[in-house]
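# Breakdown of the fold
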Amino acid sequence: MSDCSGCGGCCGGGCGGCHGALLLTREEIDLLLYFAQIPFLPVARRSGSEEPVYRGDGEKPAEETARVITALWQKRLIRLDYDLPLLNFDYAAYSDCPVKGSMALTAMGQQVVEQLEIQGIEP
């Protein structure tokens, strides 16, 4: 039986004893705080790939953005819903991706955002 605290680092079965600590990179914090402003964002997948595609403002390389999204998803801070596309959103920028959906904060992600805001952390 695992005494996992839900930090997202126990996926292999053994908890490293983080005692509820959650380690976030600057990029992960930035995206979480962006979710606080815009609660639902588009996400897509290319055919034959599990890697999330988010085109956003295009400032960061696609591989880095995919890594950040995947890390937040693994930490259970965001949901990736490939079967729930955004209504009235123009997915033209994702025309090369046959799977289109949305992503949003989970309840735990919302709690983390609230803690970041209380601590005064800004993007």
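Cut-offs used in this document
Residues numbered from 1 in each chain as written. Predicted model: local features only at pLDDT ≥ 70, side-chain atom pairs only at ≥ 80, totals over all residues. Heavy atoms only, no water. Phe/Tyr/Trp six-rings, centres within 6.5 Å; stacked < 30°, edge-to-face > 60°. Buried < 20%, exposed > 50% of the residue type's maximum accessible area, 1.4 Å probe, protein only. Lys NZ or Arg CZ within 6 Å of the ring centre and 35° of its normal. Helix = DSSP H or I, 4+ residues; strand = E, 2+ residues; numbered from the N terminus. Pairing = 2+ DSSP bridges. Contact = heavy atoms within 4.5 Å. Axes fitted to C-alpha atoms, helices over the stretch in contact; angles between N-to-C directions. Salt bridge = Lys/Arg side-chain N within 4 Å of Asp/Glu carboxyl O.

## Things to note about the packing of aromatic side chains
Within this structure, the stated rule accounts for two aromatic pairs. Relative to Tyr-91, the ring of Phe-89 lies with its centre 4.8 Å away and its plane at 75 degrees, an arrangement referred to as edge-to-face. Tyr-91 gets classed as buried once you look at its relative accessible area, which sits at 11%. On the numbers, 5.9 Å between centres and 65 degrees between planes, the contact of Tyr-91 with Tyr-94 is edge-to-face. The exposure class of Tyr-94 is buried, given its relative accessible area of 3%. One aromatic cluster is present, built from ring pairs that chain together Phe-89, Tyr-91 and Tyr-94. Above the plane of the ring of Tyr-82 lies Arg-45, whose end atom (NZ or CZ) is 4.2 Å from the centre.

## Points about the pairing of strand β1 (residues 40–45)
Burial analysis of β1 places five of its six residues in the buried class, the great majority of the element. When β1 meets strand β4 (residues 99–105), the two strands line up antiparallel, connected through six bridges. Pairing of Pro-42 across the sheet is with Ser-102, part of β4. Across two bridges, the pairing between β1 and strand β2 (residues 52–53) is antiparallel. Following the sheet pairing, Arg-45 is matched in β2 by Pro-52.

## Focus: the sheet that holds β1
Two orientations exist for strands paired in a sheet by backbone hydrogen bonds: parallel and antiparallel. Judged by pairing direction, the sheet is antiparallel, and its four strands sit side by side in the order β2-β1-β4-β3 without closing on themselves. If you trace the sheet from one side to the other, it starts and ends with β2 and β3 (78–81), each paired once. Strands β1, β3 and β4 of the sheet are contacted by helix α1 (residues 26–37), whose axis makes an angle of about 90 degrees with β4. In this fold helix α2 (residues 62–74) packs onto β2, β3 and β4, with an angle of close to 110 degrees to the strand it touches most, β3.

## What to know about the environment of Glu-63
On the secondary structure map, Glu-63 appears in helix α2. A relative accessible area of 56% places Glu-63 in the exposed class. When the C-alpha atoms of Glu-63 and Glu-51 are compared, they prove to be 8.8 Å apart, with twelve residues separating the residues in sequence.

## Topic: the pattern of salt bridges
In total, this model carries six salt bridges according to the counting rule given. The closest approach of N and O atoms between Arg-45 and Glu-50, which form a salt bridge, is 3.7 Å. Assessed through its relative accessible area of 18%, Arg-45 is described here as buried. Ionic contacts of the salt-bridge type, sharing partners, join the residues Arg-46, Arg-55 and Asp-96 into one network.

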